[in-house]
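Given next are the chains, with one letter for each unit.
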Amino acid sequence: HLSLRLQAVANYVKKGARIADIGSDHAYLPAYLARHQQIDYAIAGEVARGPFDNAKHEIQSQGLADIVHPRLANGLKAITPDDKIDTVIIAGMGGILITEILSAGLTQHQRFPNLILQPNTDEFIVREWLMKHDYTIHSESIVQEGKHFYEVMMIEQGKQTLSRQDIYFGPVLSKQKSPTFKARWEKELERIHIILLKLRQANKMNTQAYDEWSQRYQEIQEVLNR
Ligand code: SAM
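Please read all numbers here as calculations on a predicted model, not as lab measurements. (Residues numbered from 1 in each chain as written. Predicted model: local features only at pLDDT ≥ 70, side-chain atom pairs only at ≥ 80, totals over all residues.)

Peer 1: Just checking my understanding: could you explain the overall build of the chain for this structure?
Peer 2: Scanning the chain from terminus to terminus reveals nine helices and seven strands. Taking the principal axes of the C-alpha coordinates as reference, the chain spans close to 65 × 35 × 30 Å. In the chain, which comprises 226 residues, the proportion classed as buried is 34%. In the chain, of all internal contacts separated by at least 6 residues, the share reaching a separation of at least 24 is 68%. (Helix = DSSP H or I, 4+ residues; strand = E, 2+ residues; numbered from the N terminus. Buried ≥ 20, exposed ≤ 12 C-beta atoms within 10 Å, placed from the backbone. Contact = placed C-beta atoms within 7 Å.)

Peer 1: Is there a simple way to think about the domain arrangement of the chain in this case?
Peer 2: Interfaces are often described in size by the accessible area the parts lose on coming together. In terms of domain boundaries, the chain breaks down into domain 1 (4-161) and domain 2 (182-225). Centre-to-centre, using C-alpha coordinates, domain 1 lies 34 Å away from domain 2. (Domains from an automatic or database assignment.)

Peer 1: Looking at this structure, I do not really get the nonpolar core. What am I missing?
Peer 2: Soluble globular proteins: nonpolar side chains tend toward being buried together. Residues Val9, Ala20, Ile89 and Ile116 are the most contacted members of the largest nonpolar core, which totals 52 residues. Among the elements that take part in this core, strand E7 (residues 148-157) stands out by supplying five residues, more than any other. (Core = buried A, V, L, I, M, F, W, Y, C linked by C-beta atoms within 7 Å.)

Peer 1: For this particular structure, what's the right way to read the pairing of strand E6 (residues 135-145)?
Peer 2: It is a general feature of regular strands that their side chains alternate between the two faces of the sheet. Here 10 bridges tie E6 to E7, and the two strands are oriented antiparallel to one another. Its bridge partner lying in E7, Gln144 is registered against Phe149. Counted along the chain from E6 to the antiparallel partner E7, the turn is two residues long, and its residue Gly146 has a positive phi close to 60°. (Pairing = 2+ DSSP bridges.)

Peer 1: Quick question: what am I supposed to make of the site of the ligand here?
Peer 2: The environment of the ligand is formed by 17 residues, the closest being Gly23, Asp25, Val47, Ala91 and Gly92. For the shell around the ligand, the secondary structure elements donating two or more residues are strand E2 (39-46), strand E4 (87-93) and helix H4 (95-107). Sorting elements by how many residues they give to the shell around the ligand places E4 first, with three residues. Its residues assigned to classes, the shell around the ligand comprises nine nonpolar, six polar and two charged. (Near = placed C-beta within 6 Å. Nonpolar A, V, L, I, M, F, W, Y, C, P; charged D, E, K, R; others polar.)

Set out below in structure tokens:
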């Protein structure tokens, strides 16, 4: 049984895929996919000893060692050409760290046809990186767990031009406007509203910060109202 967030990631894995789950921690995702015969092969990559041991334990105790292979390594260094990985998954990390891991891979000439990314923060930085490196966002979803919202992107190779709105709100999400998408951005509107109130109270209405927050507020309203 996966969390809603990891289930949203799992939904994008193609049947028979050969995946690398980078930053796998307990390897819950590849273990789940292997148990359900959704994948042929997986690497559970971890940079830290503790999580790596968790992954090893999970894989062995479930008898999945033929399919899921734990590796202690930094980022995409966990993957060798012999693994024939077609899908790289990076979930549950900040967007900046995700792009750093992908960039380090590119300098090692590692490029993969499918990516499934779930940044916890800074989704726009991930989308900017994807556009710059000739990846296309094929699908997106958003889920809520408690007070947290999580965006998941399914990515393929190919050029894509994203507008500023696409980059901040997601090219697919901002068209679909699901109830969860709306809830996420309504919440952000409330947060910015309070920031603007405080700036006004502090007599800081003629500052660059005030202008930027106002602009941000308007952009969100435009996306929600259209
Ligand atoms: N992917 C799982 C999920 O979504 O539930 C676990 C997320 S956990 C919050 C992030 C994991 O990424 C940690 O276990 C951490 O050790 C690992 N990590 C961070 N940087 C990494 C890197 N450069 N290479 C591999 N793993 C990394």
